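Analysis of the macromolecular model
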Amino acid sequence: MAKYGMLIDLTRCIGCHGCTVACQARWDLLPQVQFTKVHRYEVGTFPRVKGGVVTTQCMHCDEPPCARVCPTGATQKRADDIVVVDEQKCIGCRYCQQACPYDARSFNPQGNIVQKCYFCYDFVEKGQQPACVETCMAAARIFGDLDDKGSELSRAIASRKAVQIKGTSIYYVPPRNLDASFLPADFREPGAVRIWQDIVHPGGKTVMGLAAGAVIAGLVINNIKGGGKNA
Amino acid sequence: MPEERVERFNLFERLGHWSHGITFVFLLLTGLALVFRGYAGLLGPGGLRLFRSIHHAMAYPFTFLTVIILILGTPRTAWQWLRECLTWGRDDFRFIAAFPREFFGLKVQLPEQGKFNAGEKLNSLLTIAGSILMAATGWILLLRDSFSPAVVAWALPLHSAGALLMGGVLLGHVYLALGHPGSRESINGMLSGKVSARFAREHHGRWYRQLKAGEKVVKEQQKIA
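Presented here is a report on the structure given in the accompanying data block. (Residues numbered from 1 in each chain as written. Chains lettered and ligands numbered in written order. Predicted model: local features only at pLDDT ≥ 70, side-chain atom pairs only at ≥ 80, totals over all residues. Heavy atoms only, no water.)

**Description of the overall build of chain B**
Under the convention used in this document: Working definition: helices are DSSP H or I runs of at least four residues, strands are E runs of at least two. Numbering for both runs from the N terminus. Exposed residues in this analysis have more than 50% of their type's maximum accessible area, buried residues have under 20%, and partly exposed residues fall in between, with area computed by a 1.4 Å probe over protein chains only. The contact definition used throughout considers only heavy atoms, calling two residues in contact when any of these lie within 4.5 Å.
When helices and strands are tallied, chain B shows nine helices and two strands. Each helix and strand of chain B, ordered N terminal to C terminal, gives the series β-α-α-α-α-α-α-α-β-α-α. Structurally, chain B occupies a C-alpha span of about 65 × 45 × 35 Å along its principal axes. Each of the 225 residues in chain B was classed as buried or not, and the buried ones make up 43%. Counting only contacts in chain B whose residues sit at least 6 apart along the sequence, the fraction spanning at least 24 positions is 68%.

**So, the sheet that holds strand E10 (residues 170–173) of chain A**
Each strand in a sheet pairs with its neighbour through backbone hydrogen bonds, running either in the same direction (parallel) or in the opposite one (antiparallel). The line we're drawing: By the convention used here, strands pair only if DSSP detects at least 2 bridges between them.
With mixed pairing, four strands are arranged side by side in an open sheet as E8-E1-E10-E9 (chain A). The sheet is open, and its two edges are formed by strand E8 (141–145) and strand E9 (163–164) of chain A, each paired on a single side.

**Here we look at the pairing of strand E3 (residues 50–56) of chain A**
Residues and elements named next belong to chain A. Within E3, five of the seven residues are buried, which leaves the element mostly enclosed by the surrounding structure. One ladder, built from seven bridges, connects strand E2 (residues 37–43) with E3; its direction is antiparallel. Looking at the pairing, Lys 37 lines up with Thr 56 of E3. The antiparallel pairing of E2 with E3 creates a hairpin that spans six residues between the two strands, and Gly 44 there sits at a positive phi of about 90°.

**Notes on the packing of helix H2 (residues 37–73) of chain B against helix H3 (residues 75–86) of chain B**
Residues and elements named next belong to chain B. For clarity, the cut-off: Axis lines are fitted through C-alpha atoms, for helices just across the contact stretch, and the angle between N-to-C directions can take any value from 0 to 180 degrees. Put simply, angles under 35 degrees are roughly parallel, angles over 145 are roughly antiparallel, angles from 65 to 115 are roughly perpendicular, and the rest are oblique. Any residue outside Ala, Val, Leu, Ile, Met, Phe, Trp, Tyr, Cys, Pro, Asp, Glu, Lys and Arg is labelled polar, Gly included; the first ten of those are nonpolar and the last four are charged.
For the pair H2 and H3, interaxial distance at closest approach is 6 Å and the crossing angle is 115°. Taken together, H2 and H3 sit at an angle that is classed as roughly perpendicular. Only Pro 75, Ala 78 and Trp 81 of H3 make contact with H2, whose side of the interface consists of Leu 70, Ile 71, Leu 72 and Gly 73. For the contact of H2 with H3, a count of residues per class yields six nonpolar, one polar and no charged.

**What about the interface of chain B and chain A?**
What counts, and what does not: By definition, the buried area sums, over both parts, the 1.4 Å-probe accessible area that each loses when the two are put together. Salt bridge, as used here, is a side-chain nitrogen of Lys or Arg placed within 4 Å of a carboxyl oxygen of Asp or Glu. We call two N or O atoms a polar contact when they sit within 3.5 Å, provided that within protein one can donate a hydrogen and the other can accept it, with sequence-adjacent residues counted only if both atoms are side-chain atoms.
Between chain B and chain A, the residue contacts involve 36 residues of the former and 39 residues of the latter. Where chain B abuts chain A, roughly 3,200 Å² becomes buried across the two surfaces, and 65% of that area is made up of carbon and sulfur atoms. In this assembly, chain B and chain A are joined by one salt bridge. A salt bridge links Asp 145 of chain B to Arg 94 of chain A, with the nearest nitrogen and oxygen atoms 3.6 Å apart. In this assembly, chain B and chain A are joined by twelve residue pairs in polar contact (both at pLDDT 80 or more). When residues of the side of chain B that touches chain A are traced back to their parent elements, those giving at least two are H2 and helix H6 (149–179) of chain B.

**Things to note about helix H7 (residues 191–225) of chain A**
The α-helix winds at 3.6 residues per turn, so residues separated by three or four positions along the chain end up facing the same way. Rule in force here: Multiply 1.5 Å by the residue count of a helix minus one, and that product is the helix's expected span. A residue's bend is given by the angle between axes fitted to the 7 residues ending at it and the 7 residues starting at it.
In this model, H7 of chain A (35 residues) spans 49 Å end to end at C-alpha, consistent with the 51 Å of a helix rising 1.5 Å per residue. Within H7 of chain A, the axis deviates most sharply at Val 200 of chain A, by approximately 30°, and proline Pro 202 of chain A lies no more than four positions further along.

**So, the pattern of salt bridges**
By the definition in use, this model includes 17 salt bridges over all chains. The partner of Asp 80 of chain A in a salt bridge is Arg 78 of chain A, with the nearest N and O atoms 2.7 Å apart. Since its relative accessible area comes to 7%, Asp 80 of chain A is described here as buried. Its relative accessible area of 23% is what places Arg 78 of chain A among the partly exposed residues. With a shortest N-O distance of 3.2 Å, Arg 198 of chain B and Glu 202 of chain B are connected by a salt bridge. In this pair, Arg 198 of chain B and Glu 202 of chain B are both assigned in helix H8 (residues 197–203), four residues apart and thus about one turn of the helix distant. By relative accessible area, which is 52% here, Glu 202 of chain B ends up exposed. One network of salt bridges, in which partners are shared, links Lys 3, Lys 77 and Asp 81 of chain A.

**Topic: the environment of Lys 205 of chain A**
By secondary structure assignment, the location of Lys 205 of chain A is in helix H7. With relative accessibility at 31%, the residue Lys 205 of chain A sits in the partly exposed group. Dropping the residues within four chain positions of it, Lys 205 of chain A is found in contact with Val 200 of chain A together with Val 35, Phe 36 and Leu 164 of chain B.

**Some remarks on the pairing of strand E1 (residues 4–9) of chain A**
All names here are of chain A. The element E1 is largely enclosed, with a buried count of six among its six residues. Neither face of E1 is left uncovered, since the one carrying Tyr 4, Met 6 and Ile 8 and the one carrying Gly 5, Leu 7 and Asp 9 both have all their residues buried. Taken together, the five bridges between E1 and E8 define a ladder with antiparallel strand orientation. In the sheet register, Ile 8 faces E8, and the bridge partner there is Arg 141. When E1 meets E10, the two strands line up parallel, connected through four bridges. Pairing of Ile 8 across the sheet is with Tyr 172, part of E10.

**Here's the deal with the nonpolar core**
We apply this condition: Here, nonpolar core means buried Ala, Val, Leu, Ile, Met, Phe, Trp, Tyr and Cys residues that are tied together by side-chain atoms lying within 4.5 Å of each other.
Counting residues in each nonpolar core, the largest one holds 42 residues, and the members touching the most others are Met 6, Tyr 102, Phe 119 and Tyr 172 of chain A. Elements that contribute at least two residues to this core include exactly E1, helix H1 (18–27), E3, strand E5 (83–85), helix H5 (131–135) and E10 of chain A. The greatest single-element share of this core, amounting to three residues, is contributed by E1 of chain A. Each residue touching Phe 119 of chain A, except ones within four places of it in the same chain, is listed here: Tyr 4, Gly 5, Met 6, Gln 57, His 60, Ile 82, Val 124, Pro 130, Phe 143 and Ile 170 of chain A. The next biggest cluster of nonpolar side chains, apart from the first, holds 18 residues, and it includes Ala 33, Leu 48, Ala 155 and Leu 156 of chain B.

Next comes the structure, spelled out in structure tokens:
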């Protein structure tokens, strides 16, 4: 099974927003829903000013917190490492939106669902490229199989000294004018998600279970003592 | 001769209790579908979307209705209730320490209590605190676009924690009101408003004596008049 990933060469990106728009067109998105976004940065003070562009999107994390908190299983990580949302199963609870450390998810108020970059999985299955890759006129984006050492992606990662955002499927070549601190941070599960899923849910279920157990025990004892027809 | 009964809760106290209780149970049953995966699977996406609509609609009466009923309908007794809940003496702590045996139907001597015993006071305080927590975090989630992402992110675990803890409290509350042989007479106080004089004397001795003393004073005043 392939392990899909993407390299974004920010030394080539000119910030034209082509990726944002091509993606919206392919997925028929609302204007305010953008699976991939373009951010511009300026550093320094006039006249010594430098600028750069960083694009962001779903990072297809190795252990996606969005999938962890999804109560319906609508968000799932596939065997080929693509994180998808089954829009039929999504009930719009928006848990995933808050869990995402990269703010990569958008709420669609018309469908009452949450959407995000799907790495164009159904096009990829047919051997095509994701819309953002296909449209990028600077050829800043390379999509492919990270497990295949001979793939264009793997070779580009090695030759261009790309930086992996750890815990994700995304690699960047940082822009010349900006250092790596302008890139998305390495993956870390948000503290609120960890406490919620590891402590609150199991702990709270235990409390409810203990309360139910105590009630049943009380009923049983009182019934035995009262001979079934207690006072 | 019918058993003598004394009034424990007036109409507005009862309405306030049930508007809170019913909305809370609806909110709990619809909300827990997002905590227990098996329950969510059983409902399917359509059922869960319906549950969301019920959950959001119930937020309004849960937040406002009980408070309005108590403030407009019976402000004096509501205030007395709050004051009593916040007043804790040695007998209250002794009651709490001894109560687990009573809960499980074991023999125990409980200290004399007022209109609300220490367990009911604790339940009241947990309910008030829990409801404020649930309403505050719930409204943050409903109006999430007006809050910072960090606030919304932490509202989620707090909302879950409050729901599960209050769910546990509710189970004990319902058992004591309906199932426990010693205390289940108390449900009548929330239905008809009246409990048997025997129950009042045995479970709320201090309150019962004050009640009787008050009646005596009234009767004597009537005599004088």
